[in-house]
Amino acid sequence: IIKNDGSDTNRVQMDNAAATIANDLTIEQGSLETFNSSGRHLTVGRIAIIESGGTIDMNNTSANDATFGTLVIMDDGTYDATSGTTSLTKSSNNSEPWGDHYGWYNAGGTFTHNSGTVSFDYQTSYQNLRADSQWFYNLTSTNRETSYDVGVQMSDNNLKVANDLVVASGASIDTKTYTVTVSGT
């Protein structure tokens, strides 16, 4: 499923199939890339961490989707998103260095939305969102955690959505004292 294309020892490309990692994925240096056609869905069951100098590049394909439990983009890390959907299905716990309940944590890295959707889909607890002032294209919350009365909650900066912000029936987004800018609907 995953191969080195032979041209760069720091680049690993997904071949003509989906890749599933049951627990964690950490990219410390180099990149994990999709390559030029459909059928390359990337699934990381728990946490995907993109360290400084690391890249996950989903933009080389025909709108293939990516699913992460939690996505963490550290300072100088890069997530070049799919033009399809990036789904976040879990939240981090207290033992993680970035803190509790994050679905999306950007600590100064680069996020390129590529006109795709980021969807917060954890159904059994809330998910914190740290965007580091970067724009999303489409953002969706299907999170319906009823005991906290919040689905997605902002943890820093203002939320900026270049196209559509969709909050599913029964879901919510708690902006705290931050501003939400939506250029679409």
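In the block above lies the structure referred to throughout.
Position labels on residues start from 1 in each chain and follow its written sequence. For a predicted model such as this one, the threshold for reporting local features is a pLDDT of at least 70, and the threshold for listing and counting side-chain atom pairs is 80 or more; totals across whole chains, interfaces and linings nevertheless cover every residue. To obtain the side-chain values, all non-hydrogen atoms of the structure were used and water was disregarded.

(A) Region of the structure containing the overall build of the protein. Tallying secondary structure elements over the protein gives zero helices and 21 strands in all. In the protein, which comprises 185 residues, the share counted as buried stands at 46%. In the protein, the proportion of contacts linking residues at least 24 apart, taken out of those at least 6 apart, comes to 50%. Note on conventions: DSSP H or I runs of at least 4 residues are helices, E runs of at least 2 residues are strands, and numbering of each starts at the N terminus. Accessible area is worked out with a 1.4 Å probe on protein chains only. A residue is then buried under 20% of its type maximum, exposed over 50%, and partly exposed in between. Here, two residues are considered to be in contact whenever any of their heavy atoms come within 4.5 Å of each other.

(B) Region of interest: the side chain of serine 87. Inspection of the secondary structure puts serine 87 in strand 10 (residues 85-88). You can call serine 87 buried: its relative accessible area is 14%. Two N or O atoms count as a polar contact when they lie within 3.5 Å, although within protein this holds only if one can serve as hydrogen donor and the other as acceptor, and sequence-adjacent residues are included solely when both atoms are side-chain atoms. Reaching out from serine 87, the side chain makes a polar contact with the side chain of aspartate 121 at a distance of 3.4 Å. Ignoring anything within four residues of it in the chain, the contact list for serine 87 reads Ala66, Thr67, Phe68, Ser119 and Asp121.

(C) Layout of the pattern of salt bridges. By definition, a salt bridge exists where a carboxyl oxygen of Asp or Glu is found within 4 Å of a side-chain nitrogen of Lys or Arg. Inspection of the entire model under this criterion finds one salt bridge. Among the ionic pairs, arginine 46 bridges to aspartate 24, the shortest N-O distance being 3.0 Å. Taken together, the positions of arginine 46 in strand 6 (residues 42-50) and aspartate 24 in the loop between strand 3 (19-21) and strand 4 (25-27) put the pair 22 residues apart, joining distant regions of the chain.

(D) Structural detail: the packing of aromatic side chains. What counts as a ring pair is set by centres within 6.5 Å for rings of Phe, Tyr and Trp (its six-membered ring), and what kind of pair is set by the plane angle: stacked under 30 degrees, edge-to-face over 60, tilted for all other angles. By the definition in use, this model includes six aromatic pairs. Plain terms: the ring middles of tyrosine 79 and phenylalanine 111 are 6.1 Å apart, the flat faces sit at 15 degrees to each other, and that makes the pair stacked. With tyrosine 79 in strand 9 (residues 78-80) and phenylalanine 111 in strand 12 (residues 110-112), this pair connects stretches of sequence that are 32 residues apart. Grouping aromatic residues by their ring pairs yields a cluster made of Phe68, Tyr79, Trp104, Phe111 and Phe136.

(E) Molecular detail of the sheet that holds strand 18 (residues 159-161). What the three strands build is an open sheet, ordered 15-18-21; its pairing is parallel. Edge positions in the open sheet fall to strand 15 (135-136) and strand 21 (180-182), since each of these has one partner strand only. Strands are treated as partners if at least two bridges between them are detected by DSSP. In this sheet, strand 18 lies alongside strand 15 in parallel orientation, the contact comprising two bridges. Within strand 18, the position partnered with tryptophan 135 by the bridge is lysine 160.

(F) Seen up close, the pairing of strand 11 (residues 102-106). Counting buried residues along strand 11, five of its five residues qualify, which places the element largely inside the surrounding structure. Looking at chain direction, strand 8 (residues 66-73) and strand 11 are connected through three bridges and run parallel. Residue pairing across strands places isoleucine 73 opposite asparagine 106, the latter belonging to strand 11. Alignment of strand 11 against strand 14 (residues 127-130), held across three bridges, turns out to be parallel. Counted as the bridge partner of tryptophan 104 is leucine 129 from strand 14.

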